[in-house]
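Chain residues, written in single-letter form:
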Amino acid sequence: MSSSSSSPKHPATNPQWRLATQLLHNAPNRTIHGETSEAIFLTSGFVYDSAEQAAATFEGTVEHYQYARYGSPTVDTLQERLCLLEGAEACLTMSSGMGAISCALLSQVKSGDRVVAAKALFGSTHWLMTNLLPSYGVETVLVDGLDENAWKAALSIPTKAVLIETPSNPMLDILDIGVIAGYAHKAGAVLMVDNVFATPVGQRPLALGADVVIYSCTKHLDGQGRALGGAVLGSRQWITDVLRPFVRNTGNSLSPFNAWVMLKGLETLDLRARTMAQNALQVAQALKAMDGVKNVRYPGLPDHPQAELARKQMRDGGSLIAFEVVNGQEGAFACMNSFSIIAISNNLGDARSLATHPATTTHKKISPEERAELGIHDGVIRLSVGLEDPIDLIEELKQATDTALAL
Ligand SMILES: Cc1ncc(COP(=O)(O)O)c(C=O)c1O
């Protein structure tokens, strides 16, 4: 449903507005009360003037909200604003990022179909690929996302969906969206990109050749650790014909309250993402000089293995760093336990800096062999750099990595 009911006093949507303006003003949905901040339509149902209007709504001849599982004004405002931001024709939101990924995949495939993904995936996405989809009779193939020949070979067979994360969680591999899109399309597949790490202001997968973009809105879009949410964006046809029936009938919907939280988050997304990336670059550079640190992986550093591709695809290096301390898991734990500003949390994209030990948390369920192959060593810490003064973070990291060194 469109936001055509917005007050005439409100400026109209304009996809040509620059990013910062779009994040605040596009897809307005102001009520007759003229509120500044979007209203929260916290209702599960909607009433009809007559039985005829209800019947016509279900018939599709009248535009009227039916039920919050199918759509509601606050959720629609978020979806429209995300579409404009992403340059997508359509968007549907879900209750979490995993809700978004599972709905995108499960709506696209049926028993007997084939899905190819890069090996470097968030733990729950890896579980979908290696447990859930195969249990439903879907063939799944995991490839080394950095090896073009592996994509070429895996996608020489008809395939329904290809799923990648770039940058990947947690080792920040940068995958070539355009190249993978080429092979995916030849195989008849829809290319889905989990753009969580890059954010919609940091990377535009659709413009690079992807068909579907997926977000955990829980991360940078909220950005202040308050609410779960997910979003899937793509062509109007795919969203309407493939995703929408699945989502409506299986019930993975975003609460209007959470949609409102995300709308508030979007207002400062660009500002936060820019500052967090500047802070992350400074922190990554400083980590490289610390004696207790063996390796630093950050897409904005010139020594990142795909630095050139990162520069091509991303606006900046993003807010996440993976670094390996000396003395393995013991070193990583000693380092993390001595933080006082940086919180130990498996969340990311928050205004507060957060550190995770992927091998024992987010990527615990992946076998030790696979973790080793992906570079997720026991000494690796994933750092989500927030909005603190980077000098405070650097001082804290120096002291913490020295603790690992002293073991
Ligand atoms: C890259 C990536 N995708 C998806 C998700 C899942 O998001 P959510 O926790 O909102 O379900 C996460 C969560 O950490 C993630 O890091």
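Summary of the structure given here. Owing to the predicted nature of the structure, the values given are computational and were not obtained by experimental measurement. (Residues numbered from 1 in each chain as written. Predicted model: local features only at pLDDT ≥ 70, side-chain atom pairs only at ≥ 80, totals over all residues. Heavy atoms only, no water.)

### As for the environment of Glu165
- For Glu165, the location among the structural elements is in strand β4 (residues 161-165).
- Look at Glu165 and you get buried, because its relative accessible area is 3%.
- As a C-alpha pair, Glu165 and Tyr215 span 50 residues in sequence and 10 Å in three-dimensional space.
- Beyond its immediate chain neighbours, meaning those up to four positions away, Glu165 contacts Ala120, Leu121, Phe122, Thr125, Asp173, Leu175 and Asp194.
- Polar side-chain contacts of Glu165 include one of 2.6 Å to the backbone nitrogen of Phe122.
- A polar atom in the side chain of Glu165 sits 2.9 Å from the backbone nitrogen of Asn169. (Helix = DSSP H or I, 4+ residues; strand = E, 2+ residues; numbered from the N terminus. Buried < 20%, exposed > 50% of the residue type's maximum accessible area, 1.4 Å probe, protein only. Contact = heavy atoms within 4.5 Å. Polar contact = N/O pair within 3.5 Å; in protein donor to acceptor, adjacent residues only side chain to side chain.)

### Quick notes on the pairing of strand β2 (residues 114-118)
- A large share of β2 lies buried, amounting to five of its five residues.
- On β2, burial covers both faces: Arg114, Val116 and Ala118 on one face and Val115 and Ala117 on the other are all buried.
- Pairing geometry for β2 and strand β3 (residues 139-143), over five bridges, is parallel. Counterpart to Ala117 in the pairing with β3 is Leu142.
- In this view, the connection linking β2 to its parallel neighbour β3 by way of helix α5 (residues 123-135) has right-handed handedness. (Pairing = 2+ DSSP bridges. Right-handed = clockwise from strand over helix to strand, strands pointing away.)

### Side note on the site of the ligand
- Around the ligand, 14 residues are found, and the nearest of them are Gly97, Met98, Asp194, Ser216 and Thr218.
- Between Asn169 and the ligand, the recorded distance is 2.9 Å, taken from a side-chain N or O atom to an oxygen atom.
- Here Asp194 contributes a side-chain N or O atom positioned 2.6 Å from a nitrogen atom of the ligand.
- Protein burial of the ligand: of its 390 Å² of free accessible surface, 92% is covered by the chains.
- Here the element with the most residues in the shell around the ligand is helix α4 (residues 97-108); it accounts for three residues.
- Partitioned by chemical class, the residues of the shell around the ligand number six nonpolar, six polar and two charged. (Near = heavy atom within 4 Å. Areas by Shrake-Rupley, 256 points an atom, 1.4 Å probe, with all protein chains shown as cover. Nonpolar A, V, L, I, M, F, W, Y, C, P; charged D, E, K, R; others polar.)

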